[in-house]
Amino acid sequence: QVQVVESGGGWVHTGGSLRLSCAASGSILSINAMHWYRQAPGESHRDLVASITSDGTTNYADSVKGRFTISRDNAQNTLCLQMSGLKPEDTAVYYCNAVLKNGLGYTGTYWGQGTQVTVSS
């Protein structure tokens, strides 16, 4: 069984910083891409915030470029999102997502439960 768990959300003022973490555990053979998504209040969809491949190639949504940094530790199966210059429009539930091969050889997408980030003006 595979688990993906986020941590590090919270409340900050505009311009503040937060660091989100995500850990994948369980029967994992390999992890391909990892992503951070977010779902804003009142929205039914999740937007891609940032992604990173197993070789470290990163990609960011235009709205967070220059403010957010995604990183991962392949040995620890962990993912981080360093967020700075936070704005009220960054308020959302942030989800970690890992595309991985589990111990049975099945490749699928696994989601965490989400962590709330609130930015007040």
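Here, every reference points to the structure presented above.
Let us look at the structure shown here. Bear in mind that the values here come from a model prediction, so they are computed numbers and not experimental data. (Residues numbered from 1 in each chain as written. Predicted model: local features only at pLDDT ≥ 70, side-chain atom pairs only at ≥ 80, totals over all residues. Heavy atoms only, no water.)

1. Here we look at the environment of Arg-46
Considering the arrangement of structural elements, one finds Arg-46 in the loop between strand 4 (28-39) and strand 5 (47-52). Each C-alpha atom, one on Arg-46 and one on Tyr-94, is 8.8 Å from the other, the two residues being 48 residues apart in sequence. Among all residues touching Arg-46, those that are not within four sequence positions of it are Tyr-37, Arg-38, Gln-39, Tyr-95 and Trp-111. (Helix = DSSP H or I, 4+ residues; strand = E, 2+ residues; numbered from the N terminus. Contact = heavy atoms within 4.5 Å.)

2. Looking at the side chain of Gln-39
Following the sequence through the fold, Gln-39 ends up in strand 4. A distance of 2.8 Å separates a polar side-chain atom of Gln-39 from the backbone oxygen of Glu-43. Discounting chain neighbours no more than four positions away, the residues touching Gln-39 are Ser-44, His-45, Arg-46, Ala-92, Val-93 and Tyr-95. (Polar contact = N/O pair within 3.5 Å; in protein donor to acceptor, adjacent residues only side chain to side chain.)

3. Concerning the side chain of His-35
Relative to the helices and strands, His-35 is located in strand 4. Judged by its relative accessible area of 14%, His-35 falls in the buried class. Beyond its immediate sequence surroundings of up to four residues, His-35 is in contact with Leu-48, Ala-50, Ser-51, Leu-79, Tyr-95, Cys-96, Asn-97 and Val-99. (Buried < 20%, exposed > 50% of the residue type's maximum accessible area, 1.4 Å probe, protein only.)

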